[in-house]
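Observations on chain architecture
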Amino acid sequence: QVQLVESGGGLVQPGGSLTLSCAASGTIFSIGAMGWYRQAPGKQRELVTTITSNGATNAADSVKGRFTISRDNAKNTVTLQMSSLKPEDTAVYYCSAFIVPNYGRAISNYWGQGTQVTVSS
């Protein structure tokens, strides 16, 4: 059973920084792209940033220059460093990963349970 567990959410003042982490655990053969998505109240879930297994990244225009994604392939983790946070960054942040659980199995998209980030003074 594959699980993604996020940590690091919380309350931060505008202009502040926060780091989110996500760890994949369970029976894992390989992990492809990993990423972070967010969903604000009353809005659809949206892409924040992704990273491929070889380190290529993609990010939404709204977070470019402020958010940085990284991963540790040996530890099956992905990290989101957020800086210059704005109230509009307030949302539940979800970790996502494309994982092959066992050799010969199909790749599937797994999601974490989400972690709340609130940017407010």
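Residues numbered from 1 in each chain as written. Predicted model: local features only at pLDDT ≥ 70, side-chain atom pairs only at ≥ 80, totals over all residues. Heavy atoms only, no water.

Topic: the pairing of strand 4 (residues 30-39)
As paired elements, strand 4 and strand 9 (residues 91-100) share 8 bridges and run antiparallel to each other. Bridge pairing in strand 9 links I31 to I99. Pairing of strand 4 with strand 5 (residues 46-51), which is carried by 5 bridges, proceeds in the antiparallel orientation. Within strand 5, the position partnered with Y37 by the bridge is L47. The loop that links strand 4 with its antiparallel partner strand 5 comprises 6 residues; one of these, G42, has a positive phi angle of about 75°. (Pairing = 2+ DSSP bridges. Helix = DSSP H or I, 4+ residues; strand = E, 2+ residues; numbered from the N terminus.)

Observations concerning the pattern of salt bridges
Tallied over the entire structure, the rule returns 4 salt bridges. The closest approach of N and O atoms between D61 and K64, which form a salt bridge, is 3.1 Å. Measuring nitrogen to oxygen at the nearest pair gives 2.8 Å for the salt bridge that ties R66 to D89. Taken together, the residues R66 in the loop between strand 6 (57-59) and strand 7 (67-72) and D89 in the loop between strand 8 (77-82) and strand 9 connect sequence positions 23 residues apart. Like D89, R66 is buried. (Salt bridge = Lys/Arg side-chain N within 4 Å of Asp/Glu carboxyl O. Buried < 20%, exposed > 50% of the residue type's maximum accessible area, 1.4 Å probe, protein only.)

Functional significance is not addressed by these values, which are geometric in nature.
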